[in-house]
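Descriptive structure summary
Residues per chain are reported as follows:
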Amino acid sequence: MKSRSISTFSFLSLVPMAILLSCILLISFTDDFRQQREQMVRRQLQARGITDSRTIEAMRNTERHRFVPAGQQRFAYEDRPLPIGHGQTISQPYIVAYMTQIIEPKSHYRVLEIGTGSGYHAAVLSEIVDEVFTIEIIEALGKQADEVIDRLGYDNIHVKTADGYYGWEEHAPFDAIVVTAAAEYIPPPLVEQLKEGGKMIIPVGSPFRVQQLMLVEKKDGRITTRNLMPVRFVPFRRADN
Ligand code: SAH
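Thresholds applied
- Residues numbered from 1 in each chain as written.
- Predicted model: local features only at pLDDT ≥ 70, side-chain atom pairs only at ≥ 80, totals over all residues.
- Helix = DSSP H or I, 4+ residues; strand = E, 2+ residues; numbered from the N terminus.
- Contact = placed C-beta atoms within 7 Å.
- Pairing = 2+ DSSP bridges.
- Buried ≥ 20, exposed ≤ 12 C-beta atoms within 10 Å, placed from the backbone.
- Arc of directions from axis to C-beta.
- Near = placed C-beta within 6 Å.
- Axes fitted to C-alpha atoms, helices over the stretch in contact; angles between N-to-C directions.
- Core = buried A, V, L, I, M, F, W, Y, C linked by C-beta atoms within 7 Å.
- pLDDT = per-residue confidence, 0-100.

Here we look at the environment of Thr 180
The topology assignment puts Thr 180 in the loop between β6 (174-179) and α6 (188-192). The spatial distance from the C-alpha of Thr 180 to the C-alpha of Pro 203 is 7.1 Å, given a sequence separation of 23 residues. Contacts of Thr 180, omitting those with residues within four sequence positions, involve Ser 91, Glu 113, Ile 114, Gly 115, Gly 117, His 121 and Phe 233.

Structure (structure tokens):
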């Protein structure tokens, strides 16, 4: 009887210690990720010509490790894409920053993203602009991204599961459109839903070849396109394939 009460006592006294230890560990992990993010901003972004201060601030603040599967967290700030399940990937940080900077995001913007994936790029955009509408074709990924976005408290991101080829008519026109899967051609509904003076960034080309990252601009009702750089993105899928 006595010995049991002693062991209960010592067990109870261990609980606060365990809580304290977990807190210390959590703080040191959080600090570690913050440092890794800082290094990512300096070495991968600023060193390669990302200069837009809003983009840099958003990349600095968005916790990329929260958007990747648990087993990938320790690689979250490395200079490469990472698998996020269902054969899809979260883009390399530099590509996310480049695509964000090129649309020249402003605080009043309403942006459409095609290809929610992990929800990371939507989160980066939402740090800068007023509202982000993002569409994912794989239901499980869209649902998962929506849950992460909710848990992290982002309230200006709207996720929908659908074929992004058709855009999001009810919320059009958009100041900018970001497409994160490689299309064989630029979907006409997206061009239609781009505001006058708006910019769209989209990888164009065949799924198994190097594609071109293209900037599409709408000026005086006319469309101009510019090839920016060769890239390799996952394919833009269609609902009926
Ligand atoms: N922006 C994402 C990266 C996603 S990878 C991130 O930050 O994690 C590209 C995503 O586009 C994949 O999840 C893929 O399922 C999705 N996708 C491909 N074709 C699509 C389509 N027609 N409509 C919507 N999403 C599509």
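Focus on the pairing of strand β1 (residues 82-85)
Successive residues of a regular strand alternate their side chains across the two faces of the sheet. Sheet analysis places β1 next to strand β2 (residues 88-90), joined by 3 bridges and oriented antiparallel. Paired with Gly 85 across the two strands is Gln 88, which belongs to β2. Between β1 and the antiparallel strand that follows it, β2, lie 2 residues; His 86 among them carries a positive phi value of about 55°.

Some details on helix α2 (residues 53-61)
Turning to α2, its buried residues are Thr 55, Ala 58 and Met 59. For α2, the arc enclosing every buried residue in end-on projection is 100°, short of the 170-degree limit, so these residues lie on one face. Away from its buried face by more than 90 degrees, α2 exposes Ser 53 and Asn 61.

Details of the site of the ligand
Taken together, 23 residues are adjacent to the ligand, and Gly 115, Gly 117, Ser 118, His 121 and Gly 164 come closest. Put simply, the parts of the chain that give the shell around the ligand at least two residues each are β2, α4 (120-126) and β4 (131-136).

Considerations on the sheet that holds strand β3 (residues 110-114)
Judged by pairing direction, the sheet is mixed, and its 7 strands sit side by side in the order β5-β4-β3-β6-β7-β8-β9 without closing on themselves. Edge positions in the sheet fall to β5 (157-161) and β9 (222-231), since each of these pairs with one other strand and no more. Neighbour-to-neighbour, the strand axes of the sheet open up by a mean angle of 15°, direction not taken into account. Across 4 bridges, β6 lies against strand β7 (residues 194-204) in parallel orientation. Its bridge partner lying in β7, Phe 174 is registered against Leu 194.

Notes on the nonpolar core
Val 111, Ile 177, Val 178, Val 179, Met 200, Ile 201 and Ile 202 are the most contacted members of the largest nonpolar core, which has 54 residues in total. Contact partners of Val 178, with chain neighbours within four places excluded, come to Met 99, Ile 103, Val 111, Glu 113, His 121 and Ile 201.

Overview of the confidence of the model for the protein chain
Looking at the protein chain, the pLDDT average stands at 92 and 89% of residues meet or exceed 70. When the elements of the protein chain are averaged for pLDDT, helix α1 (residues 2-45) gives the smallest value, 73, and β3 the largest, 99.

A few points about the environment of Ile 202
The topology assignment puts Ile 202 in strand β7. C-alpha of Ile 202 to C-alpha of Gln 212: the two residues are 10 residues apart in sequence and 8.2 Å apart in space. Ile 202 has contacts with Val 179, Ala 183, Ile 186, Met 214 and Val 216, leaving out every residue within four places of it along the chain.

What about unusual backbone geometry?
Outside of glycine, negative phi angles account for most residues, and trans bonds account for most peptide bonds. With omega at 0°, the peptide bond leading from Ala 172 into Pro 173 counts as cis. In this structure, Pro 173 sits in the loop between β5 and β6. Non-glycine residue His 86 carries a positive phi angle of around 55°. Mapped onto the fold, His 86 is located in the loop between β1 and β2. Despite not being glycine, Asp 220 has its phi angle at roughly 50°, a positive value. For Asp 220, the location among the structural elements is in the loop between β8 (211-219) and β9.

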